[in-house]
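Residues per chain, in single letters:
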Amino acid sequence: MPEKMIVCVAVVGHQNNPLYIQSFTEADDALKLHHIVHCSLDVVDERVNNPKKSGSPLNETFLGLLYPTENYKVYGYLTNTKVKFIVVTTDLDVRDADVRNFFRRFHAAYVDAVSNPFHVPGKKITSRTFAERVSTIVKSFGLSSAG
């Protein structure tokens, strides 16, 4: 089902430094997707710094839809340590429950990756196991929404 497709995921550190970014499309789109992720950081910062304007209280880690573009929707998630997760999807009809479930699984994979004693906090995540786990989570995105 290509209509429910994640095209890019990113982990961004608390100082807006990229820790992990992976595109799941042709190489031509990678730069555009990196730009979309970078632009979404402004929206995250705005929601974090002005919680009254965004309407949702920030006691929740799921930031919801950050912004739509013509072809994509960008969602965000903020951890307790101010690490940001960004996901870009081509599915314009995505359900919040699917995205929340994706972020929950993605966060668990991230915690496992940074809990590795050989990982240096604040540095890029280079774990092959993490990349494989993310790929599996991305492939299963939206499959449980049939029920």
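Provided above is the structure to which this section pertains.
It should be emphasised that the depicted structure is a prediction, and the values quoted were computed from it without experimental measurement.

Q: Outline the environment of Val 44, supporting the account with residue identities and numerical values.
A: Its place among the elements puts Val 44 in helix H1 (residues 27–49). Remark: the alpha-carbon pair of Val 44 and Leu 63, spanning 19 residues in sequence, is separated by 7.7 Å. Sequence-distant contacts of Val 44, that is, excluding residues within four places in its chain, are made with Leu 63, Leu 66, Lys 84 and Ile 86.

Q: Help me get a handle on helix H3 (residues 96–114), residues and values and all.
A: Its 19 residues give H3 an end-to-end C-alpha distance of 26 Å, which sits within 8% of 27 Å, the value for a rise of 1.5 Å per residue. Buried within H3 are the following residues: Asp 98, Val 99, Phe 102, Phe 103, Phe 106, Ala 109, Tyr 110 and Ala 113. Angular distribution of buried residues about the axis of H3 spans 125 degrees; they occupy a single face of the element. In the core, the buried residues of H3 are packed alongside strand E1 (6–12), strand E2 (18–23), strand E3 (62–68), strand E4 (73–78), strand E5 (84–89) and helix H4 (128–139).

Q: Outline the nonpolar core, listing residues and values.
A: In this structure, Val 9, Val 11, Phe 102, Phe 103 and Phe 130 are the most contacted members of the largest nonpolar core, which totals 25 residues. At the level of elements, E1, E2, E4, E5, H3 and H4 are the ones that each hand at least two residues to this core. Apart from residues no more than four positions distant in its own chain, Phe 102 is found in contact with Ile 6, Val 9, Val 87, Ile 137, Val 138 and Phe 141. Formed by 17 residues, the second largest nonpolar core is a distinct cluster that contains Ala 10, Leu 33, Leu 63 and Tyr 67.

Q: Describe in detail the pairing of E5, supporting the description with residues and values.
A: With respect to burial, E5 is a largely interior element, six of its six residues being buried. Burial of E5 is two-sided: the residues Lys 84, Ile 86 and Val 88 facing one way and the residues Phe 85, Val 87 and Thr 89 facing the other way are all buried. The hairpin formed by E4 and E5 contains five residues between the paired strands, and Lys 82 there has a positive phi angle of roughly 65 degrees.

Q: Report on unusual backbone geometry, specifying residues and quantitative values.
A: Located in the positive-phi region is Asn 16, a residue other than glycine, with phi close to 60 degrees. Exposure remark for Asn 16: the relative accessible area of 31% places this residue in the partly exposed category. One non-glycine residue with positive phi stands out, namely Lys 82, at about 65 degrees. By the element assignment, Lys 82 lies in the loop between E4 and E5. Residue Lys 82 is classed as partly exposed on the basis of its relative accessible area of 43%.

Q: Can you tell me about H4, naming the residues and giving the values?
A: A rise of 1.5 Å per residue sets the reference length of H4, with its twelve residues, at 16 Å; its end C-alpha atoms lie 17 Å apart and thus fit the reference within 8%. For H4, the set of buried residues is Phe 130, Val 134, Ser 135, Ile 137 and Val 138. Considered in projection along H4, the buried side chains sweep an arc of 165 degrees and stay on one side of the axis. Exposed side of H4, more than 90 degrees from the buried face: Arg 128, Thr 129 and Lys 139 are the residues found there. Its buried side turned inward, H4 meets E1, E2 and H3. Of the residues flanking the start of H4, the one acting as N-cap is Ser 127, its side-chain oxygen 3.3 Å from the backbone nitrogen of Thr 129.

Q: Give me the lowdown on the sheet that holds E1, citing residues and values where you can.
A: Read across the sheet, five strands follow the order E2-E1-E5-E4-E3 without closing on themselves; strand pairing throughout is antiparallel. Single-partner strands in this sheet number two, and they are E2 and E3. Across this sheet, the average inter-strand angle for adjacent strands is 15 degrees, counted without regard to direction. Across six bridges, E1 lies against E5 in antiparallel orientation. In the sheet register, Val 9 faces E5, and the bridge partner there is Val 87. Against the sheet, H3 makes contact with E1, E2, E3, E4 and E5, and its axis sits at roughly 135 degrees relative to E5, the strand it touches most.

Analysis parameters
- Residues numbered from 1 in each chain as written.
- Predicted model: local features only at pLDDT ≥ 70, side-chain atom pairs only at ≥ 80, totals over all residues.
- Heavy atoms only, no water.
- Helix = DSSP H or I, 4+ residues; strand = E, 2+ residues; numbered from the N terminus.
- Contact = heavy atoms within 4.5 Å.
- Expected span 1.5 Å × (residues − 1).
- Buried < 20%, exposed > 50% of the residue type's maximum accessible area, 1.4 Å probe, protein only.
- Arc of directions from axis to C-beta.
- Core = buried A, V, L, I, M, F, W, Y, C linked by side-chain atoms within 4.5 Å.
- Pairing = 2+ DSSP bridges.
- Polar contact = N/O pair within 3.5 Å; in protein donor to acceptor, adjacent residues only side chain to side chain.
- Axes fitted to C-alpha atoms, helices over the stretch in contact; angles between N-to-C directions.

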